[in-house]
Amino acid sequence: MTILLLLLAGAGGFIGAVLRYTISKWINRRTSSSFPWATFTVNMTGSFLLGTTAGMHLSEAWITLAGTGIMGGLTTFSTFKLEALHLHRGREWKTLTAYTIASYTLGLTLYIIGYTFPSLLSQL
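Source: prediction; values computed, not measured. Throughout, a residue's number is its position along its own chain's written sequence, starting from 1. Reporting in this predicted model follows two pLDDT cut-offs: at least 70 for local features of residues, and 80 or more for side-chain atom pairs to be given and counted; totals over whole chains, interfaces and linings ignore these cut-offs and use all residues. Only hydrogens and water are removed before side-chain values are computed, so all heavy atoms of the structure are retained for them.

Draft legend 1. Expanded view of the overall build of the protein. When its secondary structure is counted, the protein shows five helices and zero strands. For the protein, the succession of helices and strands along the chain, N to C, is α-α-α-α-α. By its C-alpha atoms, the protein is 45 × 35 × 25 Å across when sized along the principal axes. To sort residues, take the accessible area from a 1.4 Å probe on protein chains only and compare it with the maximum for the residue type: under 20% means buried, over 50% means exposed, and anything in between is partly exposed. Looking at the protein as a whole, 34% of its 124 residues are labelled buried. Whether two residues are in contact is decided by their heavy atoms, any of which lying within 4.5 Å being enough. Look at the contacts in the protein between residues 6 or more apart in sequence, and 77% of them connect residues 24 or more apart. Accessible surface computed for the protein: about 7,800 Å², of which carbon and sulfur atoms make up 70%. Working definition: helices are DSSP H or I runs of at least four residues, strands are E runs of at least two. Numbering for both runs from the N terminus. Only the protein chains shown count as covering a residue, and every accessible area follows the Shrake-Rupley method with a 1.4 Å probe.

As structure tokens, this is what we get:
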């Protein structure tokens, strides 16, 4: 690992974390549901954008900045698990089930769509 890649990952992580914080605060002010819409939104957005980044076959530096850094800072598996645990403790079984299934299936689906997105655009 070079110092440049380390700096790119750190800078991207900073950008992604600031984006996650800003987006989450904005969404949380507008929703009152027990469903964790803020985390779900940033994770699904990040899944699509990470897939798009991977599908563009960029250089290692761009993958480090955008994929590892920005998308790593934007998405949050730990918050997903924490919110799932809160839903479990609160016995909100339907919300927990919907959140878990939607996060995994939609996240993977959006990654795949994102991965194929650059090649679809190039065919236009």
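Draft legend 2. Representation of the environment of K25 within the structure. With respect to the secondary-structure elements, K25 resides in helix α1 (residues 3-30). Sequence separation of K25 and A38 is 13 residues, and the distance between their C-alpha atoms is 7.7 Å.

Draft legend 3. Geometry of the nonpolar core. Judged by nonpolar contacts, F35, F40, M44, F80, A84, L87, L96, Y99 and L110 together constitute the single largest core of nine residues. Of all the elements in the fold, those that place two or more residues in this core are α2 (37-55), α4 (77-89) and α5 (93-122). Leaving out residues up to four positions away in the same chain, F80 has contacts with T39, N43, Y99, T100, S103 and Y104. Membership of the second largest hydrophobic core comes to seven residues, among which are L5, V42, M71 and L74. The term nonpolar core refers to a set of buried residues drawn from Ala, Val, Leu, Ile, Met, Phe, Trp, Tyr and Cys, joined through side-chain atoms within 4.5 Å.

Draft legend 4. Local environment of unusual backbone geometry. For H57, which is not glycine, the phi dihedral falls at a positive 55°. As for its placement among the helices and strands, H57 is situated in the loop between α2 and α3 (60-74). Here H57 falls in the exposed class, since its relative accessible area comes to 59%. Even without a glycine there, the phi angle at R91 is positive, about 55°. Within the secondary structure layout, R91 lies in the loop between α4 and α5. Accessibility expressed as a relative area gives 62% for R91, which makes it exposed.

Draft legend 5. Examining the packing of α4 against α5 more closely. Axis definition: a line fitted to C-alpha atoms, over the contacting stretch in the case of helices. Angles run 0 to 180 degrees between N-to-C directions. At a minimum axis distance of 8 Å, the contact between α4 and α5 shows a crossing angle of 160°. Between α4 and α5, the angle falls in the class roughly antiparallel. Note on packing geometry: the crossing formed by α4 with α5 is left-handed. Where α4 approaches α5, its residues F77, F80, K81, E83, A84, L87 and H88 are matched on the opposing element by W93, T95, L96, Y99, T100, S103 and Y104. Any residue outside Ala, Val, Leu, Ile, Met, Phe, Trp, Tyr, Cys, Pro, Asp, Glu, Lys and Arg is labelled polar, Gly included; the first ten of those are nonpolar and the last four are charged. Residues of the contact of α4 with α5, tallied by class, amount to eight nonpolar, four polar and two charged. Put simply, angles under 35 degrees are roughly parallel, angles over 145 are roughly antiparallel, angles from 65 to 115 are roughly perpendicular, and the rest are oblique. Crossings are sorted by hand: turned counterclockwise from the far helix by less than a right angle, the near helix makes the crossing left-handed, and turned clockwise it makes it right-handed.

What is shown is where atoms sit, not what they do.
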